[in-house]
Amino acid sequence: MNQNKLKVILGGTFDPIHYGHLRLAENLHNLIPKAQITFMPSATPPHRETPSVSARQRSEMLELAIKGIEHFNLDTRELQRQGESYSLLSVNEIKKENPDTRIIWIMGDDAYAKLHTWFGWQELVEKVSFVVVARPGALQSEPAKAVVNTLSQCCSIEELLTFSSGAVFRHICPLLEISASNIRELLMRNLSCRFLLPESVLNYIKQNDLYSHKG
Ligand code: ATP
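In this report, the structure presented in the accompanying data block is examined. Numbering of residues starts from 1 in every chain and runs along the sequence as written. Given that this is a predicted model, residues contribute local features only at a pLDDT of at least 70 and side-chain atom pairs are listed and counted only at 80 or more, while totals for whole chains, interfaces and linings are drawn from all residues. In computing side-chain properties, one takes all heavy atoms of the structure into account and sets aside hydrogens as well as water.

Bringing the environment of Gln122 into the picture now. Mapped onto the elements, Gln122 comes out in helix H6 (residues 121–127). For the exposure calls, accessible area comes from a 1.4 Å probe over protein chains only, and a residue counts as buried if that area is under 20% of its type's maximum, exposed if over 50%, partly exposed in between. Given a relative accessible area of 46%, Gln122 falls into the partly exposed group. We count a stretch as a helix when DSSP gives it H or I for four or more residues in a row; a strand needs E for two or more, and each element gets its number in order from the N terminus.

So this is what it looks like as structure tokens:
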């Protein structure tokens, strides 16, 4: 398979980026050797509260976190678009730029359980495949029946890669029990977040006085 035409995307709010996200991405790099992992921050996420920190700052933190890691890159297209950050619009743009690109979307099972509420999800699942991981520390979240019935269920990454789209593989791998909400909570209470996220990101947070106030 031509890996050059493969785009492996980890979307999210990254409010802020932490080692849980980075380890998830690294696991996917191990799973699909030679694959570049693309972090795609959401400017205005449709499925959750608008982040307190601006899209530009969240993306600057991402840039610091992945600096020097050759197999990670950043796609800021959702920051340049007006309106809600619908994944389908990004997928359509990527396909327009290069119709042969095969897209794999990575997500935690908490996000997968809500996939049926995403804008144009039926069209989205026709255009991408998914690798879903169990989010550590969270209750097991079950996906909607409609989503399960629509996607081809794969037992391995090799099987998933035989599909151009419309497939899902549930990958079991060790992950880190870190959440952005817990980090925000610690920062708000002026408690240490060391070892949960890169030092460079923590320094950026301190320099810009982020997450220190409620609301
Ligand atoms: P919060 O903790 O506030 O819910 P979050 O980190 O889940 O924030 P996002 O930044 O949107 O929110 O997460 C991006 C993606 O990374 C989602 O698919 C989410 O399921 C996944 N994810 C987040 N943290 C982890 C983790 N520790 N391990 C594995 N996957 C994670």
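It is worth spelling out the pattern of salt bridges at this point. By definition, a salt bridge exists where a carboxyl oxygen of Asp or Glu is found within 4 Å of a side-chain nitrogen of Lys or Arg. For the structure shown, the criterion picks out 12 salt bridges. Linking Asp15 and Arg184 is a salt bridge whose minimum nitrogen-to-oxygen distance equals 3.8 Å. Taken together, the positions of Asp15 in the loop between strand S1 (6–12) and helix H1 (19–31) and Arg184 in helix H9 (residues 180–188) put the pair 169 residues apart, joining distant regions of the chain. Judged by relative accessible area, which is 5%, Asp15 ranks as buried.

Before going further, it helps to examine the packing of aromatic side chains. Two aromatic rings, drawn from Phe, Tyr or Trp (for Trp, its six-membered ring), form a pair once their centres lie within 6.5 Å of each other, and the interplanar angle then sorts them: stacked below 30 degrees, edge-to-face above 60, tilted otherwise. The full count for this structure, using the stated rule, is 4 aromatic pairs. Between Phe39 and Phe72, the ring centres sit 5.2 Å apart and the planes meet at 75 degrees, which makes this aromatic pair edge-to-face. With Phe39 in strand S2 (residues 37–41) and Phe72 in strand S3 (residues 72–74), the pair connects residues that are 33 residues apart, well separated along the chain. The same class applies to Phe39 and to Phe72, which are both buried. Clustering of aromatic rings is evident, with ring pairs tying together Phe14, Phe39 and Phe72.

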